[in-house]
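Structural characterization, general
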Amino acid sequence: MKNNYIEEFVKMTVDTPKKAYVRSFGCQLNISDGEKIKGLLKSMGCILTDDENDADIIILNTCAVRENAEDRVFGIVGSMKKLKELKPSLIIGISGCMTAQEHIAEKIKKSYPQVDFVVGTSALSSIPRLLSECLKGQKFGVDISEYDDFSQETVQVRDSSFKASVPIMFGCNNFCTYCIVPYVRGRERSRRQEDIVSEVKKLVQNGYKEIMLLGQNVNSYGNDLGEKNAFPKLLRALDRIEGDFIIRFMSSHPKDATKELIDTIFECDKVAKHLHLPLQSGSSDVLHRMNRRYTAEKYLETVDYIRSKDPDFSLTTDLIVGFPNETDKDFDATLDIIKRVKYDNIYSFIYSKRSGTRAAEMDDATTDDVKSQRMRQLLEVQREISSENYRRFVGRKMRVLVDDISKKREGYVTGKSNEFIIVEFEGDKSLIGQFADVEITDAMNWAVLGRMI
Ligand code: SAM
Ligand code: SF4
Ligand code: F3S
């Protein structure tokens, strides 16, 4: 059925191919979906463009994790009214996590007449049908139906020629009380190990140097297939693939970060020596109310096990400031943990109320001013930790995958080390996409500097 609509679209546009612009917001899983939407549009004969002003079709692939993410998209959709007035044949579609909420789909239909269709995260294979209907002049189209397996099969048009994201599972079962993701992405669905291994093999053969495995909780990969320890097994299978490449993954839920996983990281040469372990809060009481299912003590046991193997091991985390009724004492507990763990980087967010989640029903006496003040304090403490932390790399050799030319220093390039640290050193664009060995000469609070060996 799906192919019929692709064929129909191709027939309708064969003489005047459509230019398509796709913009993704939010996490890497959504960006990966955006690459699949591009792949689908290309298979329909569309020409991809990076210029929305030049496009005949615009798809905004949205994120709903925080209110400001949604506001941003509404702002952009609002500004597209002008584009549509200039080009009435322009087709505007909205996909991604925002649309998986019925009230948002309704709001778009009611308040943004410039939008032609809305498609949910699990109904992306309906895009050919929705686009064909638009070409035939049909008004607003919606498909936010439940899951199909589009995301597992479509060939991606990748944004990078050397870094590839590979989703290993979709959805989330954890229902952290603040989080909208399980509502908009559904329950966990894991891909088969052999499919992932064969995709990674092809990517490595095609010259990809970094493979980023993606899932909302990669540690529970395979649970739905009835397999135990499936994620460490997958890492070991990927590590055996021949070639010069690095394997990264995110995110790891601390409740499922087992010793087996940590041992695997240390034993697999190609697996990066870095772990992103989202803490969210240092207070066990807040963690309980967040339904995170670990305590601060349990989290620290995991950190201690990692650091017993390598005291310098690089850790990063996510933190939420101002969860409903977070007290000064709770916040101080978060500061205590970040001082103890000494993360190389933190990603911190002020709590955002998401309608439909359990936390949205909780009383919250903490004012916005207090939340903002805590956020500033957290960032200040982390800035000091990072600049002190990064000094441990001075004098060491780091292997760096070069990403781009530096925007801060002329004549320099920038890349990420195995430990996920930003490294800048003198070099030119011919190094982009290559590994380089770099001796670290200086440290700042956001990156280290070095010279190529
Ligand atoms: N699955 C990942 C995990 O559990 O670590 C995280 C996925 S979520 C897309 C990324 C981060 O957004 C979370 O780790 C959390 O810190 C933050 N986040 C999620 N919901 C939020 C909310 N309602 N308000 C503020 N931050 C939120
Ligand atoms: Fe959201 Fe929690 Fe699932 Fe992460 S594990 S996506 S924070 S519900
Ligand atoms: Fe946002 Fe959806 Fe990812 S809500 S963070 S794009 S899974």
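So, here is what we can say about the structure in this document. (Residues numbered from 1 in each chain as written. Chains lettered and ligands numbered in written order. Predicted model: local features only at pLDDT ≥ 70, side-chain atom pairs only at ≥ 80, totals over all residues. Heavy atoms only, no water.)

Let us now look at the pairing of strand 7 (residues 163-167). Counting buried residues in strand 7 gives four out of five residues, a clear majority hidden from the surface. Relative to strand 10 (residues 210-214), strand 7 runs parallel, the two sharing five bridges. Residue pairing across strands places Pro167 opposite Leu214, the latter belonging to strand 10. (Buried < 20%, exposed > 50% of the residue type's maximum accessible area, 1.4 Å probe, protein only. Helix = DSSP H or I, 4+ residues; strand = E, 2+ residues; numbered from the N terminus. Pairing = 2+ DSSP bridges.)

Right, let's talk about the site of ligand 2 for a bit. Every residue close to ligand 2 is listed here: Cys172, Asn174, Phe175, Cys176, Tyr178, Cys179, Val181, Pro182, Gln216, His253 and Arg292. Of the residues that constitute the shell around ligand 2, the class distribution is seven nonpolar, three polar and one charged. (Near = heavy atom within 4 Å. Nonpolar A, V, L, I, M, F, W, Y, C, P; charged D, E, K, R; others polar.)

Moving on, we come to the site of ligand 3. Taken together, Cys27, Asn30, Cys63, Ala64, Val65, Cys97, Arg185 and Gln216 are the residues near ligand 3. Along the lines of polarity and charge, the residues of the shell around ligand 3 split into five nonpolar, two polar and one charged.

Ordered by their spatial adjacency, five strands build a closed barrel running 15-16-17-19-18, and the pairing between neighbours is mixed. On average, each strand axis in the sheet is tilted by 50 degrees relative to the strand beside it, whichever way the strands run. (Axes fitted to C-alpha atoms, helices over the stretch in contact; angles between N-to-C directions.)

Further remarks concern the nonpolar core. Counting residues in hydrophobic clusters, the biggest one holds 66 residues, and the most contacted among them are Leu213, Phe231 and Phe249. For this core, the element with the highest residue contribution is helix 9 (residues 230-239), accounting for six residues. Non-local contacts of Leu213, meaning those with residues more than four positions away in its chain, are made with Val166, Ile168, Val218, Phe231, Leu234, Leu235, Leu238, Ile247, Arg248, Phe249 and Met250. (Core = buried A, V, L, I, M, F, W, Y, C linked by side-chain atoms within 4.5 Å. Contact = heavy atoms within 4.5 Å.)

If the charged atoms of two oppositely charged side chains come close together, the side chains can form a pair. For the structure shown, the criterion picks out 32 salt bridges. Between Arg185 and Asp33 there is a salt bridge; the shortest N-O distance is 2.9 Å. On the criterion of sequence distance, the pair formed by Arg185 in helix 7 (residues 181-185) and Asp33 in helix 2 (residues 28-43) is long-range, its members being 152 residues apart. Using a relative accessible area of 12% as the deciding quantity, one classes Arg185 as buried. Note on Asp33: relative accessible area 3%, which makes it buried. As a salt-bridge pair, Asp304 and Arg340 come within 3.3 Å of each other at their nearest N and O atoms. With Asp304 in helix 12 (residues 296-309) and Arg340 in helix 13 (residues 328-341), the pair connects residues that are 36 residues apart, well separated along the chain. When its relative accessible area of 36% is taken as the criterion, Asp304 is described as partly exposed. Residue classification places Arg340 among the partly exposed residues on the basis of a relative accessible area of 45%. Residues participating in the shared-partner salt-bridge network are Glu35, Arg158, Arg191 and Glu199. (Salt bridge = Lys/Arg side-chain N within 4 Å of Asp/Glu carboxyl O.)

The next subject is the environment of Leu235. Tracing the backbone through its elements, the reader meets Leu235 in helix 9. Through-space distance from the C-alpha of Leu235 to that of Arg248 is 9.5 Å; in sequence the pair is 13 residues apart. With sequence-adjacent residues up to four places away left out, Leu235 is seen in contact with Leu213, Ile247, Phe249, Leu261, Thr264, Cys268 and Val271.

Quick look at unusual backbone geometry now. Along the chain, Met250 connects to Ser251 via a cis peptide bond; the corresponding omega equals -5 degrees. We note that Asn325 has phi near 60 degrees; this positive angle belongs to a residue other than glycine. Looking at the secondary structure, you find Asn325 in the loop between strand 13 (314-321) and helix 13. The residue Lys342 is not glycine, and still its phi comes out positive at about 55 degrees. Positionally, Lys342 belongs in the loop between helix 13 and strand 14 (345-350). Note on Lys342: relative accessible area 37%, which makes it partly exposed.

What follows is about the packing of helix 13 against helix 14 (residues 368-390). Close contact between helix 13 and helix 14 brings their axes to 10 Å; oriented N to C, the two are set at 15 degrees. Between helix 13 and helix 14, the crossing angle belongs to the class labelled roughly parallel. Regarding helix 13 and helix 14, the two cross each other, and that crossing is right-handed. Here Asp328, Phe331, Thr334, Leu335, Ile338 and Lys339 of helix 13 come into contact with helix 14, specifically with Arg374, Gln377, Leu378, Val381, Gln382 and Ile385. Its residues assigned to classes, the contact of helix 13 with helix 14 comprises six nonpolar, three polar and three charged. (Parallel < 35°, antiparallel > 145°, perpendicular 65-115°, else oblique. Left-handed = near helix turned anticlockwise from the far one by under 90°.)

On to the sheet that holds strand 12 (residues 274-276), then. Strand order in the open sheet made by the three strands is 12-13-14, with parallel pairing throughout. Every interior strand has two partners, whereas the edge strands, strand 12 and strand 14, have only one. The average undirected angle you get between the axes of adjacent strands in this sheet is 10 degrees. The sheet contact formed by strand 12 and strand 13 spans three bridges and is parallel. Counterpart to Leu275 in the pairing with strand 13 is Leu315.

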